[in-house]
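Geometric and topological summary
Each chain, written out:
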Amino acid sequence: MSTAAQRPLIRPSASLIIAAPTPGDGVKGGSNYRVLMVKRNARSSFINAHVYPGGIVDTADHYSNWSNDKPTTEPEGNILTNKICAIRETFEESGLLLSHPPANTIKALDTNVWRHKVHNDATQFKVMCDTYSIRPAVDKLIPFSNWITPIHEKKRYDTMFFLTVLEEFKTKQEQDLHLNVVSADGKETVLFDWLKPEEALEKKQNKEVVMIPPQWYSLTLMNQVKDYRDLVSQAGVDAFRTKSNQVIKILPQANPSIPESKEANDGYTFYLAYPGDEVYQSTEYLSKKGNRHRLYIKGRMEDFRLERNVNVSDIMKINSSNL
């Protein structure tokens, strides 16, 4: 059997970063929004890590099952398929349904009943939407990042991350009523947390939660944007995506830390190189000596240190000029 045949299949998947505005919170004291995070069970691929809701793309998610206006290109179709997956998986795992019109305005719709149906059969998501004349709110999702599991892992995924910002509620009571529909399914998920980016990062730093690089990196970038109204236009720009929401594919490449370097002396034994870094090997993104886009790692994901001096837009401009 060839080496290529032995490599694990890369499965398409989608994940959703949901930011909920917090009424009355000023940006002076920190972020004025919270992000939904889920803790997986011990049998999952994410070792009890705090991640965003999401999962593997199902054939039922394919855009041809949903759209009357067919996308004109395959990439557009894939984006739509991934958006459907992200919304379905979020509903299945948390009970939160992003739809037009809003699910809580449909009195006949029992989301708890349908959530279990969808968990057992993904095709039931379309049945539910057709039954109650609702549609997934794909227009509310923007491409945020695209991560591919490193080649040495046994299970590999090509995951599209999307960002959505919920509308601000008039009162905290109204918000709590809406967001309290979120609950663990007791199967794939064991608990949910609504955390401000700085709170999530502090919990990671204090070893209260487990976090893997895509989540830690995205929260670090979101933590730089304190106002929820700026998330769509600013969060992740230059690191994961361009201002026009064109995302780069990030396939982390592991490298040992340089002996006697500051990072090595601080206990960071290796780093993951990302697109644009001087050691990153890619036919899609070019780089030059001195470029840094890497995440240093200590222990078994115990601590991270980011180093980046590249702009994603510049990497893509360099690449396009050499095509």
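This structure is a prediction, so every number in the text was calculated from the model and none was measured.

Okay, the overall build of the chain next. Looking only at helices and strands, one finds ten helices and 14 strands in the chain. In the chain, buried positions account for 50% of the 323 residues. Expressed as a percentage of contacts within the chain between residues at least 6 apart in sequence, the contacts between residues at least 24 apart total 63%. Here the chain displays about 16300 Å² of accessible surface, and carbon together with sulfur accounts for 50% of that area.

Another point: the pairing of strand β12 (residues 270-273). The side chains of a regular strand alternate between both faces of the sheet. In the sheet, strand β11 (residues 253-256) pairs with β12 via four bridges, with the strands oriented antiparallel. If you follow Gln-253 over to β12, its bridge partner there is Ala-273. As judged from the four bridges shared by β12 and strand β13 (residues 293-298), these two strands associate in the antiparallel manner. What sits directly across from Leu-272, in β13, is Leu-295.

So, about the pattern of salt bridges. Across all of its chains, the model carries 13 salt bridges by this definition. Of the charged contacts in the structure, one is a salt bridge between Arg-88 and Asp-61, with a shortest N-O distance of 2.7 Å. Here the residue Arg-88 occupies a position in helix α2 (residues 74-94), and Asp-61 occupies one in the loop between β4 (54-56) and α2, the gap between them amounting to 27 residues. Judged by relative accessible area, Arg-88 falls into the buried class, the value being 3%. Relative accessible area serves as the criterion here: at 1%, Asp-61 is assigned to the buried category. Between Arg-88 and Glu-92 there is a salt bridge, with its nearest N and O atoms 3.2 Å apart. A residue pair is termed a helical-turn pair when its members lie 3 or 4 positions apart in one helix, as Arg-88 and Glu-92 do in helix α2 at four residues.

Inspection of the secondary structure puts Glu-89 in helix α2. Setting aside residues up to four positions removed in sequence, Glu-89 forms contacts with Gly-54, Gly-55 and Ile-56.

Quick look at the nonpolar core now. By size, the foremost hydrophobic cluster in this structure holds 41 residues, and its most contacted members are Leu-97, Leu-109, Phe-125, Met-128 and Trp-194. For this core, the elements supplying multiple residues, two or more each, are β1 (10-21), β2 (33-40), α2, α3 (111-120), α4 (123-131), β8 (156-165) and β9 (189-195). Ranked by the residues each element gives to this core, the list is headed by α2, at six residues. Once residues lying within four places of it in the same chain are set aside, the contact partners of Phe-125 are Trp-66, Ile-87, Arg-88, Phe-91, Leu-97, Val-118 and Pro-136. Listed in part, the 39 residues of the second largest apolar core include Ile-17, Tyr-52, Phe-161 and Leu-219.

Quick look at the pairing of β8 now. Among the ten residues in β8, eight count as buried, and that is most of the element. Pairing between β1 and β8: ten bridges, direction parallel. Counted as the bridge partner of Leu-16 is Phe-162 from β8. As judged from the six bridges shared by strand β7 (residues 142-148) and β8, these two strands associate in the antiparallel manner. Bridge pairing links Trp-147 to Thr-159 in β8.

Relative to the assigned elements, Tyr-285 resides in the loop between β12 and β13. A relative accessible area of 6% means that Tyr-285 is categorised as buried. Distance in space between the C-alpha atoms of Tyr-285 and Lys-249 is 9.4 Å, their sequence separation being 36 residues. Polar side-chain contacts of Tyr-285 include one of 3.2 Å to the backbone nitrogen of Lys-249.

Another point: the packing of aromatic side chains. The full count for this structure, using the stated rule, is twelve aromatic pairs. Grouping aromatic residues by their ring pairs yields a cluster made of Phe-144, Trp-147, Tyr-217, Phe-240 and Tyr-274. In this arrangement the basic side chain of Lys-117 is found over the ring face of Trp-114, its NZ or CZ atom lying 4.1 Å from the centre. Note that Arg-294 overlies the ring of Tyr-271, its terminal NZ or CZ placed 4.2 Å from the centroid.

Definitions and cut-offs
Residues numbered from 1 in each chain as written. Predicted model: local features only at pLDDT ≥ 70, side-chain atom pairs only at ≥ 80, totals over all residues. Heavy atoms only, no water. Helix = DSSP H or I, 4+ residues; strand = E, 2+ residues; numbered from the N terminus. Buried < 20%, exposed > 50% of the residue type's maximum accessible area, 1.4 Å probe, protein only. Contact = heavy atoms within 4.5 Å. Areas by Shrake-Rupley, 256 points an atom, 1.4 Å probe, with all protein chains shown as cover. Pairing = 2+ DSSP bridges. Salt bridge = Lys/Arg side-chain N within 4 Å of Asp/Glu carboxyl O. Core = buried A, V, L, I, M, F, W, Y, C linked by side-chain atoms within 4.5 Å. Polar contact = N/O pair within 3.5 Å; in protein donor to acceptor, adjacent residues only side chain to side chain. Phe/Tyr/Trp six-rings, centres within 6.5 Å; stacked < 30°, edge-to-face > 60°. Lys NZ or Arg CZ within 6 Å of the ring centre and 35° of its normal.

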